[in-house]
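Here is what each chain is made of, one letter per residue.
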Amino acid sequence: MSTDRLSVTFAALADPTRRAILAILAKGEASVTELAKPFEVSLPAISKHLKVLERAGLIARTRDAQWRLCRLEAEPLKDAADWIEQYRQFWEQNFDRLDEYLQELQAEEKSDREP
């Protein structure tokens, strides 16, 4: 089944452990062992999370001697942020209209109270 890149990105971001791993990698490259330290899961479990992130294009893994280093690849995050931005603008416009409506109601209420 072929899935679009945005769906794969959101699926990878759906897990809190994977989001935490990305937060760590936002500070710089890290080895698999370093990434596993803050979590109470096995190294194989972390490796599975890393495979999901790698398939989504959110991380890249390199080999440096015996070390497997991971680094953040932010382009898919930008695509997700751009998609979300469309809806942020939609909600802001709705809130602006609601604010205008509430101000009209308050003005009417104030004029109704004045003698």
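Quick summary incoming for the structure in this document.

## Some details on the pairing of strand 2 (residues 59–64)
With six bridges connecting them, strand 2 and strand 3 (residues 67–72) associate as antiparallel partners. Its bridge partner lying in strand 3, Arg61 is registered against Cys70. Taking the residues between adjacent antiparallel strands as the criterion, strand 2 and strand 3 are bridged by two residues, where Ala65 takes a positive phi near 60°.

## Details of the sheet that holds strand 3
Overall, antiparallel pairing links the three strands, which are arranged 1-3-2 in an open sheet. Looking at strand neighbours, the two that pair on one side only are strand 1 (30–31) and strand 2, the edges of this open sheet. Contacts from helix 2 (residues 16–25) reach strand 1, strand 2 and strand 3 within the one sheet, and its direction differs from that of strand 3 by about 90°. Relative to the sheet, helix 4 (residues 43–55) contacts strand 2 and strand 3, its axis offset from that of strand 2 by approximately 115°.

## Points about helix 4
Here helix 4 spans 18 Å end to end across 13 residues, near enough to the 18 Å set by a 1.5 Å rise per residue. When we look at burial in helix 4, the residues that qualify are Ile46, His49, Leu50 and Leu53. Relative to the axis of helix 4, the buried residues are bounded by an arc of 100° and lie together on one face. In helix 4, the exposed positions that point more than 90 degrees away from the buried face belong to Pro44, Lys48 and Arg55.

## Topic: the pattern of salt bridges
In the structure shown here, the tally under the stated rule is six salt bridges. For Arg71, the salt bridge goes to Glu73, with nearest N and O atoms at 3.0 Å. A salt bridge links Glu92 to Arg88; its shortest N-O distance comes to 2.2 Å. Taken as a pair, Glu92 and Arg88 lie in helix 5 (residues 75–113) at a separation of four residues, close to a single helical turn. For Arg88, a relative accessible area of 37% gives the class partly exposed. Salt bridges here are not isolated pairs; linked through shared partners, they connect Glu85, Arg88 and Glu92.

Scoring rules and cut-offs
Residues numbered from 1 in each chain as written. Predicted model: local features only at pLDDT ≥ 70, side-chain atom pairs only at ≥ 80, totals over all residues. Heavy atoms only, no water. Pairing = 2+ DSSP bridges. Helix = DSSP H or I, 4+ residues; strand = E, 2+ residues; numbered from the N terminus. Contact = heavy atoms within 4.5 Å. Axes fitted to C-alpha atoms, helices over the stretch in contact; angles between N-to-C directions. Expected span 1.5 Å × (residues − 1). Buried < 20%, exposed > 50% of the residue type's maximum accessible area, 1.4 Å probe, protein only. Arc of directions from axis to C-beta. Salt bridge = Lys/Arg side-chain N within 4 Å of Asp/Glu carboxyl O.

Read these as spatial facts, not as claims about activity.
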